[in-house]
Amino acid sequence: MFYRENGQFKTSYRSDQQIFAIAQDRWAILALIAFAAIGVPMLADEYMFRAILIPFLILALAALGVNILVGYCGQISLGSGAFMAVGAYMAYNTYIRIEGMPLIVALLAGGFFATLVGVFFGIPSLRVKGLYLAVATLAAQFFCDWAFLRIGWFTNNNASGSVSVSNLNVFGWSIDTPLQKYLFCLAFLLVFGLLAKNLVRSAVGREWMAIRDMDVAAAVIGIRPMYAKLSAFAVSSFIVGVAGGLWGFVHLGSWEPAAFSIDRSFQLLFMVIIGGMGSIMGSFFGAAFIVILPIFLNQFLPWAGDLVGVPISTATVSHTEFMIFGALIVWFLIVEPHGLAKLWSVAKQKLRLWPFPH
Amino acid sequence: MKLRQLALATTVAAAGLASALVSTMATAQTKEQFFPVLVYRTGAYAPNGVPFANGYVDYLKLVNARGGVNGVKLSFEECETGYATDRGVECYERLKGKNGGATVFQPLSTGITFALTEKAPGDKIPLITAGYGRSESADGGVFKWNFPLAGTYWVAGDVIIQDIAKKAGGADKLKGKHIALVYHDSPFGKEAIPILQERAAMHGFKLSLLPVTHPGVEQKSTWLQIRRDRPDYVVNWGWGVMNSTLLKEAQATGYPRENIYGVWWAGAEPDVKDVGMGAKGYNAITMQHGVEKGSAVVKEVLDKLHAKGQGTGPKDEVGEVLYMRGLFSAMFAVEGVRQAQEKYGKGKVMTGEQARWGYENLNLTQPKLDALGFKGVLRPVSTSCADHMGANWARIHTWSGSKWEFSSDWYQADEQIIKPMVKAAADKYAAEKKLTRRSAADCQS
Amino acid sequence: MAFFLEALLGGLMAGMLYALVALGFVLIYKASGVFNFAQGAMVLFAALAMARFSEWIPGWLGLEDKFLGNLLAFALSASVMFVLAWLIERLVLRHLVNQEGVTLLMATLGITYFLDGLGQTIFGSDIYKIDVGMPKDPVFLLDSIFPGGVLVNLEDVYAACIAALLVVVLSLFFQKTSTGRALRAVADDHQAAQSIGIPLNRIWVIVWFVAGITALVAGIIWGSKMGVQFSLTTVALRALPVIILGGLTSVPGAIIGGLIIGVGEKLSEVYLGPYVGGGIEIWFAYVLALVFLLFRPQGLFGEKIIDRV
């Protein structure tokens, strides 16, 4: 009853084609954005910002990028961590090598180079697909890990191979405090979220989905598989690259290739699958779930142990964390293979009638 | 299906709610000095991370058993980093404000050290990186909050070359020799390169660099190259499973273990014990201490903690190399607080900023160390504004097949070589960060 | 020349070990269409079980004989792997029938995390030793022809022999026994196999058990070579290029692929590596497989029908 679209008539093409066709959705999203921009800064403390909210925003952005490739275009990639690394390192090089380079341009440049690398490693997708492609994209992962460790130019010839940035500022505002960092990332996520949402509704997005659902049929109706696949790789790695830049610049401040290891690639894929493939909203759900769950378990387990009077050692906590994390993933896949986004849409469906089902 | 989805939704909601609860659980302000402990008790580096963590925690417990620091009790909390930088940063954020504020962080990972070096000055929390981290952070003029106490990697590299030179019969005999550096391909491993290159240019020996990818179990091609090039010495800059793999490969290749030198993170029991006799003759540099089962402090730990069932970890590992490393790292952390209390008031809880002063003005003389139970284990350590390292002595010990035994006298790193390198690297860092060197007035504060 | 031979031999030996891990992947993929990322975790789990049981059993039973202790530990570890296979079928696979490949892949990643945690909880996270009496010291052959001889590692030779033996046993099992025939039938067509009365669920348990045994053997060989420790899980990543090179569905492909990858990465590292800074072998193996894939998408021996674009 709270979510009923009765009486909302679409009288123009414009209103028929808007992103959120239902008034309740529009208001809910606006309220959510307002809450994120105004409410959260008042409620959250520094720890929430630095350890949970900022990583969540950045990884949600990365998951969004991966979702375009995996969820919308059906090309499984295990090399997303590498594209993040390319984004971070190239943004770093643009930033320090060119005097007076604005931060945002540097981050976008990182995304641009990630696009190039992404398209290059996307070429095998023209020949193979499915699990073979997944393994093939690992080549990107290992190659980038190696290149950033070994080629001195990328790290400005630092002896240790670790790079760092500081004194970030945008248009004269410095990005220093957790709150400023949070808002900066939030702005990126909103802009890219909107772009991505519109992109997947457009002709390009429909081409991707056609390729995903059946590539031969898509080719028959005149979609060029090469163009569609490579454009998905390009858009996806651009977003992932920008997210990588943010991860290095804003979240870590100082990083080495290990920050973008294969574990990161798996993590992003987890986010997409658990959140829901082919759903922008799902990327956010997935990122929230994967970011919060380990931190939550890590804090909850000792607390629960204290409650029942059993002190739990750090080792046990982290082993249990592994086990619960693994078990939950399997359980999720069994119970809801379409991810949290599906759960969300079921809930919306229910809300149409609830609480008066008759 | 309906019921399942309901259960799923409930779980998600409950998790969300509970996490909000847990993270906002108020922490009462206590009159205890709080020491966060970043550990890795799981994952690829656990065999080396566990004994260090046990030693660290045991020493904090021991100080409490001794009555605290001028009556101030210590509290601590462990956080698992898994040797991963992002987990380490999360731990740092979680613990830095807890229980009245963290005194000092010791991440035991060069990667995490790099990340925290950027964050610590803003939060006014010092970092102790005893024997690891950035070598140039010994320069306190630029790195105000970093304390690589009792040795940096450049000290280690320098002393290893000194011992090799001594074995070869003098530094001039190094000319034309060939030394291979097998290193963990990470910031940790790469720290060794500058000092060895410097020494190579000085003495005219050939240095070849052989990287080993994380975690270090794949070294076959590395050892094929060693077999081909037949270097006179191999320097092992490894951590975790890489060390034991290296020794096994050396055995399988027939390379004499006597000519292999390990850094002080590659010279402990977990590195050699499952190789056993196969590692006989393997040398490693020590950070002053070796296996110190007979020392007074170890006896005290056994007596006051393990005998009462309050010890951490297995009893028979107390006094082993990495355990001692943890123990003496904790000792530095505590002694800095004691020193700070001299200035800011005895019996008070020190803030991170006050503790930093303590670490900068450490003056651990031999009598003080002896009183703490470190007689014969450590040499005096005294820091200053310019020198955040405090001591640059080291020894070599050798694996006999069943235990580590000291095989050299004390060496001191050559400051003639290291000082300019530290200064140059620190200046480069300062220029990159647009920092200025601390003024003389800042040193007084 | 002597050095080239050594590198070649080293590559072949390493390749045999990769093949052993790849075999586990192929077996499961053939029979159940699951790309089992958990193979690496299974190797670690099995090796940990073996290492710890061989340490504990003499204490429990008061045995003196090391051989008997190892044998008992092997039997016990094998039964642990059986229980594991049964549980995976019961709790995971049964509920995921007819899901897409990527969902199943994710499920095995979940299993990976679970096994990593479980193994370390039960067996500890230190470095453990498996001592099955493999010789550790090298021998030198052909002294008379080359100065210094050609270094051969007896341990590697033994390991390669064991791996070869396992492959022979497995192929006999697949070709000659009725269970093997049932397995092949399931691999060809699930529904047809089911309709002639082959119990799918039992077949899955068997195939995961067989993969568990290969994991155990691989774990023992690698464990005895480099100690049983968490890093063993990474051997799975080394085996992935092998299976795309050899084809996901081919047992001989896994062997040949393993040998090609093993030789390719060793030779590239020792001859090419020094020019670009070293450490190239991991990505070189992947790129080798990738280039190969571009020309022959189904792998060396893979079935032609698989998704070509």
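Values in this document were obtained by computation on a predicted structure and should not be read as measured data.

A. Up close: the overall build of chain C. Looking only at helices and strands, chain C has 11 helices and 2 strands in total. Along the chain direction, N to C, the helices and strands of chain C fall in the order α-α-α-α-β-β-α-α-α-α-α-α-α. Radius of gyration (C-alpha) of chain C: 20 Å, near the 19 Å computed for a compact globule of 309 residues. With the C-alpha coordinates aligned to their principal axes, the bounding extent of chain C is approximately 65 × 60 × 35 Å. By the burial criterion, 56% of the 309 residues in chain C qualify as buried.

B. Structural context of the overall build of chain A. Looking only at helices and strands, chain A features 14 helices and 4 strands. Here chain A has a C-alpha radius of gyration of 21 Å; the compact-globule value for 358 residues is 21 Å, and the two agree. Each principal axis of the C-alpha atoms in chain A carries an extent, and together these give about 70 × 65 × 45 Å. Looking at the 358 residues of chain A, the share that counts as buried comes to 53%. Pairs at least 24 apart in sequence give 76% of the contacts found in chain A among residues at least 6 apart.

C. Looking closely at the nonpolar core. Counting residues in hydrophobic clusters, the biggest one holds 373 residues, and the most contacted among them are L61 of chain A together with A47 of chain C. With 19 residues, the top contributor of residues to this core is helix α3 (residues 46-72) of chain A. Residues in contact with L61 of chain A, not counting those within four places in the same chain, are F188, L189, F192, I239, V242, A243 and L246 of chain A.

D. Spatial organisation of the pairing of strand β2 (residues 74-80) of chain B. All names here are of chain B. β2 sits mainly inside the fold: 5 of its 7 residues count as buried. Pairing geometry for strand β1 (residues 33-39) and β2, over 7 bridges, is parallel. Paired with V39 across the strands is E80, a residue of β2. Since β1 and β2 lie parallel, the crossover through helix α2 (residues 46-65) that links them has a hand, and here it is right-handed.

E. Expanded view of the interface of chain B and chain A. The interface of chain B with chain A comprises 38 residues on the first partner and 35 residues on the second. Elements represented by at least two residues in the side of chain B that touches chain A include exactly α1 (2-24), β2, α3 (85-95), α4 (110-123), α6 (187-190) and α7 (192-203) of chain B. Among the residues forming the side of chain B that touches chain A, the class breakdown is 12 nonpolar, 11 polar and 15 charged.

F. Representation of helix α11 (residues 262-275) of chain A in the model. Residues and elements named next belong to chain A. With 14 residues, α11 ought to run about 20 Å at 1.5 Å a step, and its terminal C-alpha atoms sit 20 Å apart, in line with that. Across the 14 residues that make up α11, a large majority, 11, are buried. The complete set of buried residues in α11 reads R264, S265, Q267, L268, L269, F270, M271, V272, I273, I274 and G275. Positive phi appears at G276, one or two residues downstream of α11, with a value of about 130°.

G. Representation of the interface of chain A and chain C in the model. The partner chain C presents 39 residues to the 35 residues of chain A that form the contact. The set of elements that each furnish at least two residues to the side of chain A that touches chain C consists of α6 (131-150), α11 and α13 (314-335) of chain A. No other element matches α13 of chain A, which puts 13 residues into the side of chain A that touches chain C. Of the residues belonging to the side of chain A that touches chain C, the class tally is 26 nonpolar, 5 polar and 4 charged.

H. A look at unusual backbone geometry. Residue and element names in this part refer to chain B. Between H214 and the following residue, P215, the backbone shows a cis peptide bond with an omega angle of -5°. With respect to the secondary-structure elements, P215 resides in the loop between β6 (206-212) and α8 (220-229). The backbone phi angle of N70 is positive, close to 50°, even though this residue is not glycine. Look at K124: it is not a glycine, yet its phi comes out positive at around 55°.

I. Region of the structure containing the pairing of β1 of chain B. Counting buried residues along β1 of chain B, 7 of its 7 residues qualify, which places the element largely inside the surrounding structure. By the alternation rule, side chains of β1 of chain B split into Q33, F35, V37 and V39 of chain B and F34, P36 and L38 of chain B, which are all buried.

J. Inspection of the confidence of the model for chain C at higher detail. When pLDDT is averaged across chain C, the result is 85; 95% of the residues are at 70 or more. Overall fold confidence (pTM) sits at 0.89, and the ipTM for the predicted complex is 0.86.

K. Here's a closer look at the environment of A159 of chain A. Mapping A159 of chain A onto the fold places it in the loop between α6 and β1 (163-164). Along the chain, A159 of chain A and S279 of chain A lie 120 residues apart, while their C-alpha atoms are 43 Å from each other. The contact partners of A159 of chain A, leaving out residues within four places of it in the chain, are K190, I193 and P194 of chain B.

L. Spotlight on the environment of S329 of chain B. All names here are of chain B. Along the polypeptide, S329 turns up in helix α12 (residues 321-344). Of the residues examined, S329 has 24 C-beta atoms within 10 Å and is grouped as buried. Along the primary structure S329 and K144 are separated by 185 residues, whereas in three dimensions their C-alpha atoms are 19 Å apart. If we skip the residues at most four places from it in the chain, S329 touches Y56, Q106, I128 and A130.

M. Region of the structure containing the packing of α3 of chain A against α11 of chain A. Residue and element names in this part refer to chain A. In contact at an axis separation of 9 Å, α3 and α11 are set at 70° when each is read in the N-to-C sense. Considered as vectors, α3 and α11 are oriented roughly perpendicular to each other. Mapping the contact onto sequence places L59, A62, A63, V66, N67, V70 and G71 in α3 and L268, L269, M271, V272 and G275 in α11. Taken together, the residues of the contact of α3 with α11 break down into 9 nonpolar, 3 polar and no charged.

N. Representation of helix α4 (residues 80-97) of chain A. Counted at 1.5 Å a residue, the expected span for α4 of chain A with its 18 residues is 26 Å, and the 26 Å between its end C-alpha atoms agrees. Where burial is concerned, most of α4 of chain A is hidden: 15 out of the 18 residues are buried.

O. Fine view of the packing of helix α9 (residues 235-246) of chain C against helix α11 (residues 281-295) of chain C. Residues and elements named next belong to chain C. Contact pair α9 / α11: the axes reach a minimum separation of 9 Å and the direction vectors enclose 15°. The orientation of α9 relative to α11 falls into the category roughly parallel. By crossing handedness, the relation of α9 to α11 is classed as left-handed. Counted together, P241, I244 and L245 of α9 and A285, Y286, L288, A289, F292 and L293 of α11 form the full contact between these two elements. Split by residue class, the contact of α9 with α11 holds 9 nonpolar, no polar and no charged.

P. Structural context of the environment of V163 of chain A. Residues and elements named next belong to chain A. One can find V163 in strand β1. We classify V163 as buried; it has 22 C-beta atoms within 10 Å. Once the C-alpha coordinates of V163 and E256 are considered, the two residues, 93 residues apart in sequence, prove to be 6.6 Å apart. Other than its neighbours up to four places away in sequence, V163 contacts Y92, T155, N156, N158, S254 and W255.

What counts, and where the lines are drawn
Residues numbered from 1 in each chain as written. Chains lettered and ligands numbered in written order. Predicted model: local features only at pLDDT ≥ 70, side-chain atom pairs only at ≥ 80, totals over all residues. Helix = DSSP H or I, 4+ residues; strand = E, 2+ residues; numbered from the N terminus. Rg over C-alpha atoms; globule rule 2.2 N^0.38 Å. Buried ≥ 20, exposed ≤ 12 C-beta atoms within 10 Å, placed from the backbone. Contact = placed C-beta atoms within 7 Å. Core = buried A, V, L, I, M, F, W, Y, C linked by C-beta atoms within 7 Å. Pairing = 2+ DSSP bridges. Right-handed = clockwise from strand over helix to strand, strands pointing away. Nonpolar A, V, L, I, M, F, W, Y, C, P; charged D, E, K, R; others polar. Expected span 1.5 Å × (residues − 1). pLDDT = per-residue confidence, 0-100. Axes fitted to C-alpha atoms, helices over the stretch in contact; angles between N-to-C directions. Parallel < 35°, antiparallel > 145°, perpendicular 65-115°, else oblique. Left-handed = near helix turned anticlockwise from the far one by under 90°.

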